[in-house]
Amino acid sequence: MNPAKGELEESVRRRFARLATDPAGEKDFAVGPRSALSLGYDPGEIGLLPAVVAESFAGVGCPFLLGDIDPGLAVVDIGCGSGVDSLLAAGRVGPRGAVLGLDMTGEMVGNARSGAESLSLAHARFIVGHADRMEIETAFADIALSNGVINLCVDKARVLAEIARIVKPGGRLFLADIFLEAESAAEGLSEIGQWSD
Ligand SMILES: C[S@@+](CC[C@H](N)C(=O)[O-])C[C@H]1O[C@@H](n2cnc3c(N)ncnc32)[C@H](O)[C@@H]1O
């Protein structure tokens with residue numbers, strides 16, 4: 001890994017460690033249950049999530065609006081954060097299915113694990129890891145989910161290649177993310193950016 005990449009990743013990791021441990025301190029971006037509701041999540045589902053999960057939600061869309069997730073499927077949530085999407089997916093796949101959430105921020109993974117435990121969702125597991133080098137077997141997933149993560153990854157091509165590797169042939173990617181418009185690219189590209197300050 002080149003030093004600039006390591007520095008950027010560490011900067012992003014620190015940013016989300018802060019959000020995981022002090023969500024009320026987030027002033028720049030919409031986070032938490034109110035943000036989830038504004039993005040189209042089901043209020044009933046969000047209301048059932050433990051506070052430690054819902055409060056540090058930082059997604060940018062609602063991947064569940066993209067299609068159904070059937071019982072028995074295997075889902076990987078890349079950059080799972082505090083586990084909102086992972087736990088909602090775990091409810092859909094049921095105990096015959098499996099959900100694996102991966103995130104490089106240990107504090108976020110801690111929130112997700114504690115949420116899975118309090119909801120007794122033993123088929124939802126969480127690992128600390130990097131999206132561009134996932135320690136997940138090839139063709140593991142029927143569905144890859146990712147919400148607000150790839151924009152933060154330094155090597156986006158490598159992340160997409162990893163997603164293609166871990167998803168079964170014919171599997172699906174439910175992606176919500178943010179993109180720079182061409183005309184907004186000049187300003188700020190040389191800076192690390194607000195999500196990672
Ligand atoms: C905007 S948050 C979204 C979290 C979650 N998907 C949600 O909807 O609440 C981005 C998450 O991606 C994680 N992340 C960023 N870059 C990553 C990378 N290269 N590998 C793994 N996780 C990463 C961060 O730690 C953070 O938890």
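The written sequence of each chain sets the order in which its residues are numbered from 1. At least 70 in pLDDT is required for a residue's local features to be given in this predicted model, at least 80 for side-chain atom pairs to be given and counted, and no such filter applies to totals for whole chains, interfaces and linings, which use all residues.

**Observations regarding the overall build of the protein**
1) Next: Numbered from the N terminus, helices here are DSSP runs of H or I no shorter than four residues, and strands are runs of E no shorter than two. A tally of helices and strands in the protein yields 7 helices and 5 strands.
2) Next: In the protein, the succession of helices and strands from N to C terminus is α-α-α-α-β-α-β-α-β-β-α-β.
3) Next: Considering the protein as a whole, with its 197 residues, one finds that 40% of them fall into the buried category. Counting other C-beta atoms within 10 Å of each residue's C-beta, where C-beta atoms are placed from the backbone, gives the exposure class: buried for 20 or more, exposed for 12 or fewer, partly exposed between.

**Considering the site of the ligand**
1) Next: The ligand sits among 24 residues. The nearest are Gly59, Gly79, Gly81, Thr105 and Gly148.
2) Next: For the shell around the ligand, the elements supplying multiple residues, two or more each, are helix 1 (3-21) and helix 5 (84-93).
3) Next: Of all the elements, helix 1 adds the most residues to the shell around the ligand, at 3 residues.
4) Next: Here the term charged refers only to Asp, Glu, Lys and Arg, the term nonpolar to Ala, Val, Leu, Ile, Met, Phe, Trp, Tyr, Cys and Pro, and the term polar to all other amino acids, Gly among them. A breakdown of the residues in the shell around the ligand according to their chemical character gives 12 nonpolar, 8 polar and 4 charged. By definition, a residue lies near a molecule or strand when the C-beta atom built from its backbone is within 6 Å of it.

**Some thoughts on the environment of Gly32**
1) Next: Relative to the helices and strands, Gly32 resides in helix 2 (residues 32-38).
2) Next: With 20 C-beta atoms packed within 10 Å, Gly32 lands in the buried category.
3) Next: Each C-alpha atom of the pair Gly32 and Val53 lies 8.6 Å from the other, and the pair is 21 residues apart in sequence.
4) Next: C-beta atoms are placed from the backbone for every residue, and two residues are taken to be in contact when these atoms lie within 7 Å. Look past the residues within four positions of Gly32 in its chain and what remains in contact with it is Pro23, Ala54, Glu55 and Phe57.

**Thoughts on the sheet that holds strand 5 (residues 167-176)**
1) Next: Pairs of strands are assigned from DSSP output, requiring at least two bridges between the strands. Judged by pairing direction, the sheet is parallel, and its 5 strands sit side by side in the order 3-2-1-4-5 without closing on themselves. In this open sheet, the two edge strands, each paired with only one partner strand, are strand 3 (124-128) and strand 5. Geometrically, the sheet is characterised by an average inter-axis angle of 20° between neighbouring strands, direction not taken into account.
2) Next: Relative to strand 5, strand 4 (residues 141-147) runs parallel, the two sharing 6 bridges. By the bridge assignment for strand 5, Asn147 is matched with Ala176.
3) Next: With axes taken as lines fitted to C-alpha atoms, and helix axes fitted only over the stretch in contact, angles between N-to-C directions fall between 0 and 180 degrees. Taken strand by strand, helix 5 contacts strand 1 (74-78), strand 2 (98-103), strand 3 and strand 4, and its axis lies near 170° from that of strand 2.
4) Next: Docked against the sheet, helix 7 (residues 156-166) engages strand 1, strand 4 and strand 5, running at close to 135° with respect to strand 5.

**Describing the environment of Gly81**
1) Next: Tracing the sequence through the fold places Gly81 in the loop between strand 1 and helix 5.
2) Next: Note on Gly81: 28 C-beta atoms within 10 Å, which makes it buried.
3) Next: A C-alpha to C-alpha distance of 5.0 Å links Gly81 and Met108, two positions 27 residues apart in sequence.
4) Next: Residues contacting Gly81, with those up to four places away along its chain left out, are Phe16, Ser56, Phe57, Ala58, Asp103 and Met108.

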